[in-house]
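Examination of the molecular architecture
Here are the chains, one letter per residue:
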Amino acid sequence: MIKIFALLIILTLSLQLNAQGVEVFKKELEEGKIEVWVKNTSLATHTVKVDIEQSGMVQDTKTPIIKVLEGNTTEKIATLTPKPKTSYRFGYRSINVKGNALAKHDDSYIYDLPYPKGNTYKIDQGYMGTTTHMDRYALDFGMPEGSEIAAVRDGLVFDIEEKNKRGCPRQECADLSNFILVEHADGSQANYAHLQNKGVLVKIGDRVSAGDVIGLSGSTGWASGPHLHLEIFTMDWDGQKTIPVKYHLNDGIGIPKEGQSYTR
């Protein structure tokens, strides 16, 4: 009866994780031994935290177990062995986030501006701006519809959306933005948002270099007009943490200022 109860816990949690791209599962071996495995079925990095609950067993790893899984990877995270002549039970709880929840941003890295060389655009809203950036280190570049957007740093295309056609200057349109997410070597991510319909020029899993054209600007989502919303962030168990990164600017290295124009 104890074994059945544990199995029901495992199946329920695995179904929830499958919907998010990560699966936690067990392998039953001889003499009641159990292995716990995690599998990332998506192309994007995920971080999973597993709390194993057991009694009457010897566990070879400490709980909780946290693993950063690259796309399409599988890894064993624990082995549990029943103690001789002892009843035992086993179950687990698990959560995961899309991204590297252990990432530490390389603050020495200087980013390129998000458009091809020779172009000039104005910062409509800067870090901690008064319109929609009150709690975010994000930048809005005023760009005509269809302007070329370039990668600000080398990375892996992590996620995309390009099917949306609508935008409006109200929060009700917040979920209608087209975007590209790129993961960098240190686990941070860049979000390029408000792209035009079918304005994504890359696909998930592509490797891009700084300066590569990856998309076309638009006004989808929560937007009062065409522009590029750009932010660099890391993920943790509480969500996104935006970072006040520095860029190569006209007169050196610094943080783009609201109302100023910059040529790459």
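Right above here is the structure, for reference.
Now for a quick tour of the structure. (Residues numbered from 1 in each chain as written. Predicted model: local features only at pLDDT ≥ 70, side-chain atom pairs only at ≥ 80, totals over all residues. Heavy atoms only, no water.)

Some points on the pairing of strand β20 (residues 239-242)
This is how it is decided: One bridge is not enough; two strands pair if DSSP finds at least two bridges between them. Each helix is a run of DSSP H or I of at least 4 residues and each strand a run of E of at least 2, with the numbering of both proceeding from the N terminus.
In the sheet, strand β19 (residues 227-236) pairs with β20 via four bridges, with the strands oriented antiparallel. Directly across from D236, in β20, lies its bridge partner G239.

Considering the pattern of salt bridges
As a reminder, the rule being used: Whenever Lys or Arg places a side-chain nitrogen within 4 Å of a carboxyl oxygen from Asp or Glu, that contact is recorded as a salt bridge.
Tallying each qualifying case throughout the model produces twelve salt bridges. Taking the shortest distance from any N to any O, the salt bridge between E172 and R166 comes out at 3.4 Å. Members of the salt-bridge network, linked through shared partners, are R166, R170 and E172.

Considering the nonpolar core
Let me state the cut-off plainly: To define a nonpolar core, start from buried Ala, Val, Leu, Ile, Met, Phe, Trp, Tyr and Cys residues and group those joined through side-chain atoms within 4.5 Å. Here's how the labels work: a residue is buried when its accessible area is under 20% of the maximum for its type, exposed when over 50%, partly exposed in between, all with a 1.4 Å probe on protein chains only.
Counting residues in hydrophobic clusters, the biggest one holds 30 residues, and the most contacted among them are F141, I180, Y192 and Y247. Looking at this core, the elements that each hand over two or more residues are β9 (120-125), β10 (138-142), β14 (178-183), β15 (189-200), β19 and β21 (246-249). Element by element, the count of residues in this core is highest for β15, at four residues. I65, L69, A78 and Y92 belong to the second-largest nonpolar core, a separate cluster that totals 17 residues.

Re the side chain of D159
Rules: N or O atoms within 3.5 Å of each other form a polar contact, as long as, within protein, one can give a hydrogen and the other can take it, and as long as residues adjacent in sequence are counted only when both atoms are side-chain atoms. Residue contacts follow a heavy-atom distance rule, with two residues in contact if any of their heavy atoms lie within 4.5 Å.
Tracing the sequence through the fold places D159 in strand β12 (residues 155-161). A distance of 2.9 Å separates a polar atom in the side chain of D159 from a polar atom in the side chain of K98. Not counting residues within four places of it along the chain, the set of residues in contact with D159 comprises K98, F179, I180, L181 and I204.

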